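# Close look at the chain arrangement
Chain by chain, the residues:
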Amino acid sequence: MTVRSEKSGTKTAARHVDVAVIGSGFSGLGAAIKLKELGTHSYIVLERGAEVGGTWRDNTYPGAACDVPSQLYSYSFAPGDWSRSFSRQPEIQAYLRNVAQEAGVLDNHLFNCEVNEARWDEAAAQWVVETSQGRVTARFLISGVGALCEPALPDIPGIESFSGEMFHSARWDHSADLKGKRVAVIGTGASAIQIVPAIAPDVAHLDVYQRTAPWVLPRFDRPYFGIERWALRHVPGLQRLARAGIYAARETQVVGLAKAPKLMAGLQALAQGMIYAQIRNPELRAKVTPDFRIGCKRMLISNAYYPALDRENVDLVTDRIAEVRENSVVTADGTEREIDALIIATGFHVTDSPMFAGIFGRDGRSLAAVFEENGMQGYKGTTVAGFPNLFFLVGPNTGLGHTSMVFMIESQLNYVVDALKTIKRDNIATFEVSPEAQASYNASLQEQLKPTVWMTGGCASWYLDKHGNNTTLWPGFTFSFRSMLKNFDAENYGITVMADTPETRTPAQAEPATAATGKKASR
Ligand code: N01
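Residues numbered from 1 in each chain as written. Predicted model: local features only at pLDDT ≥ 70, side-chain atom pairs only at ≥ 80, totals over all residues. Heavy atoms only, no water.

Further remarks concern a nonpolar patch on the surface. A cluster of nonpolar residues, Phe225, Ile227, Trp230 and Val235, forms a patch on the protein surface that exposes about 450 Å² of accessible area. Among the structural elements, Ile227 can be located in helix H5 (residues 226-234). (Patch = residues over 30% accessible without salt bridge, like charges linked within 9 Å, V, L, I, M, F, W, Y side chains within 5 Å. Areas by Shrake-Rupley, 256 points an atom, 1.4 Å probe, with all protein chains shown as cover. Salt bridge = Lys/Arg side-chain N within 4 Å of Asp/Glu carboxyl O. Helix = DSSP H or I, 4+ residues; strand = E, 2+ residues; numbered from the N terminus.)

Helix H4 (residues 192-199) sits mainly inside the fold: 7 of its 8 residues count as buried. Considered for burial, the residues of H4 that qualify are Ala192, Ile193, Gln194, Ile195, Val196, Pro197 and Ile199. Next to the buried residues of H4 lie strand E9 (182-186), strand E10 (205-209), strand E12 (300-301), helix H10 (305-309) and strand E17 (341-344). (Buried < 20%, exposed > 50% of the residue type's maximum accessible area, 1.4 Å probe, protein only. Contact = heavy atoms within 4.5 Å.)

Quick look at the nonpolar core now. Side chains of nonpolar character tend, in soluble globular proteins, to be buried together. Residues Phe26, Tyr75, Leu96 and Ile142 are the most contacted members of the largest nonpolar core, which totals 62 residues. Take this core: its biggest share by element is 11 residues, from helix H12 (residues 405-425). Contact partners of Ile142, with chain neighbours within four places excluded, come to Val19, Ala20, Val21, Ile22, Ala31, Leu35, Phe391, Leu393 and Val416. (Core = buried A, V, L, I, M, F, W, Y, C linked by side-chain atoms within 4.5 Å.)

Here helix H1 (residues 26-37) crosses H12 at 35 degrees, and the two axes come no closer than 10 Å. Between H1 and H12 lies a crossing of right-handed hand. Between H1 and H12, the residues in contact are Phe26, Ser27, Gly30, Ala31, Lys34 and Leu35 and Val406, Ile409, Leu413, Val417 and Leu420, respectively. Tallied by class, the residues present in the contact of H1 with H12 amount to 8 nonpolar, 2 polar and 1 charged. (Axes fitted to C-alpha atoms, helices over the stretch in contact; angles between N-to-C directions. Left-handed = near helix turned anticlockwise from the far one by under 90°. Nonpolar A, V, L, I, M, F, W, Y, C, P; charged D, E, K, R; others polar.)

Quick look at the site of the ligand now. Around the ligand, a shell composed of 22 residues is seen, among which Ala65, Thr188, Ser191, Thr212 and Lys297 lie nearest. Between the ligand and the protein, one listed contact pairs an oxygen atom with a backbone N or O atom of Thr188 at 2.9 Å. Ala345 is positioned such that a nitrogen or oxygen atom in its backbone is 3.3 Å from an oxygen atom of the ligand. When the free accessible area of the ligand is taken as 900 Å², the share hidden by the protein chains comes to 83%. (Near = heavy atom within 4 Å. Polar contact = N/O pair within 3.5 Å; in protein donor to acceptor, adjacent residues only side chain to side chain.)

Domain annotation of the protein identifies domain 1 (15-150 + 350-497) and domain 2 (159-222 + 230-344). For domain 1 and domain 2, the distance between their C-alpha centroids amounts to 28 Å. Taken together, the contact pairs 49 residues of domain 1 with 41 residues of domain 2. Both faces considered, domain 1 and domain 2 share a buried interface measuring about 4,000 Å² in area, 52% of it formed by carbon and sulfur atoms. It is Tyr61, Gln71 and His402 in domain 1 that bury the most area against domain 2; as a group they hold 17% of the surface buried on that side. Where domain 1 meets domain 2, there are 3 salt bridges. The salt bridge partner of Asp58 is Arg171, with a shortest N-O separation of 3.8 Å. On inspection of domain 1 and its partner domain 2, the count reaches 28 residue pairs in polar contact (both at pLDDT 80 or more). For the side of domain 1 that touches domain 2, the secondary structure elements donating two or more residues are H12, helix H14 (453-456) and helix H15 (478-484). It is H14 that provides the largest number of residues to the side of domain 1 that touches domain 2, a total of 3 residues. Grouping the constituent residues of the side of domain 1 that touches domain 2 by class yields 24 nonpolar, 18 polar and 7 charged. (Domains from an automatic or database assignment. Buried area = accessible area lost by both parts, 1.4 Å probe.)

Printed below as a string of structure tokens:
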């Protein structure tokens with residue numbers, strides 16, 4: 001391990017590194033690989049789980065699979081050997097494990113290491129990270145915690161009194177045997193529509209509690225033929241071509257989603273057709289038909305969800321849940337349905353992640369406090385004013401409704417790499433995006449978001465925060481995001497340089513520097 005250990009002055013031995021990365025899902029692991037490629041030996045990845053994988057390690061529910069084809073939902077630098085077009089969770093998890101091993105970054109991981117707090121120390125110009133395994137100090141902090149890591153539990157009266165098996169979709173209890181049991185699933189999002197068909201044939205009865213009907217499209221999933229899989233691995237350029245084709249096809253959806261929502265009509269007709277083709281019961285058809293434009297909430301893909309709802313042993317309940325009792329769920333109309341197990345598939349804390357409460361910036365305020373005031377705003381999805389030397393992977397407005405998040409993560413990693421090169425070249429001690437640059441970036445983003453289907457489609461979704469702003473999604477083509485993050489734009493940052501650097505090399509319009517190890521940059 002290349003991590004240095006030194007006495008911190010307190011009872012705990014502190015490690016000091018150049019770069020600390022929080023989390024080892026697609027983003028944190030990608031960061032570790034890029035740091036290694038860059039020749040940064042002094043870095044550490046703080047991972048609360050026992051292995052890499054992030055959301056793909058945690059979501060082990062029956063039927064868990066990706067809704068983006070793996071040829072695209074994989075690192076460009078590690079294309080993978082996939083067995084089918086849309087990979088299932090175990091294959092994606094094995095891929096990530098394998099990539100980490102081959103890249104040789106596991107020695108720089110601290111597993112089972114929960115980050116409790118990260119605080120910017122202005123005097124020392126470094127991050128002080130308190131973890132379950134002691135203190136880590138780092139010049140630079142990369143957050144790779146992702147948006148889908150903290151399960152959101154519904155605030156339903158009496159839910160704590162339920163005496164049967166109860167767990168969130170992202171914390172599946174594999175010791176619970178659902179065979180022959182009466183089960184309820186709360187939620188009809190991307191996770192639930194995979195769980196429902198996977199468990200419906202085995203349970204005695206299944207109640208699916210739907211608050212809002214989602215639009216569901218066909219899933220064009222199939223195993224690769226032997227020769228096809230061989231060719232993808234061995235014919236030069238073929239896998240890249242497949243990836244490019246999938247990328248281009250998916251990117252065409254941006255026109256409808258973000259520019260001209262009326263163009264979504266064709267996809268909506270396809271989804272409507274699915275309902276008619278797969279459900280016989282007219283009452284059920286009406287219940288599953290959404291009342292908003294397709295794309296406004298995440299479009300789901302499944303060939304098995306509607307047939308599962310149409311089964312004799314499955315009921316779709318659309319009345320509001322009023323209460324959960326010891327052995328039952330009671331809806332607002334007074335109906336009580338007895339159950340043995342309750343599966344909570346109600347999604348994640350995306351715009352209000354608890355992680356935000358534990359990261360404290362230059363003025364001592366947490367990300368949560370700053371986001372509470374202004375909404376979840378950042379600069380180019382990757383840095384945040386008031387939080388020096390912090391890179392935020394899968395940060396504000398980097399989410400997507402149509403294609404691979406790995407493409408966005410790699411775009412952000414390009415920016416991080418270019419920033420770190422600039423930092424080394426110019427002997428930079430601290431960087432912090434200027435509030436003006438961030439404000440104007442966000443004003444432009446919100447302007448671009450106005451005509452999109454996410455704002456005009458007539459739905460409520462987790463894409464929007466409590467101020468009604470969309471702070472989660474990128475509003476355009478992903479190649480624009482890639483090009484925006486190609487180079488680190490130091491001119492939009494306040495910068496201090498290392499104390500022994502000649503003043504003449506300084507680039508930025510910084511706030512007065514107070515860092516002991518840095519000095520004020522001047523133009
Ligand atoms: O969560 P969700 P998810 N009472 O937030 C309902 C990714 N993902 O875990 O629509 C009753 O989408 C809520 O209802 P409503 C993907 O990015 C990817 O399914 O808010 N119901 C909704 O139906 C996805 O978007 C993959 O009215 C309540 C559901 O719970 C993200 O993860 C697979 C409720 C939550 O849906 C999250 O998906 C899985 C309450 N109090 C996930 N609160 C693939 O790649 C919420 N709901 C395939």
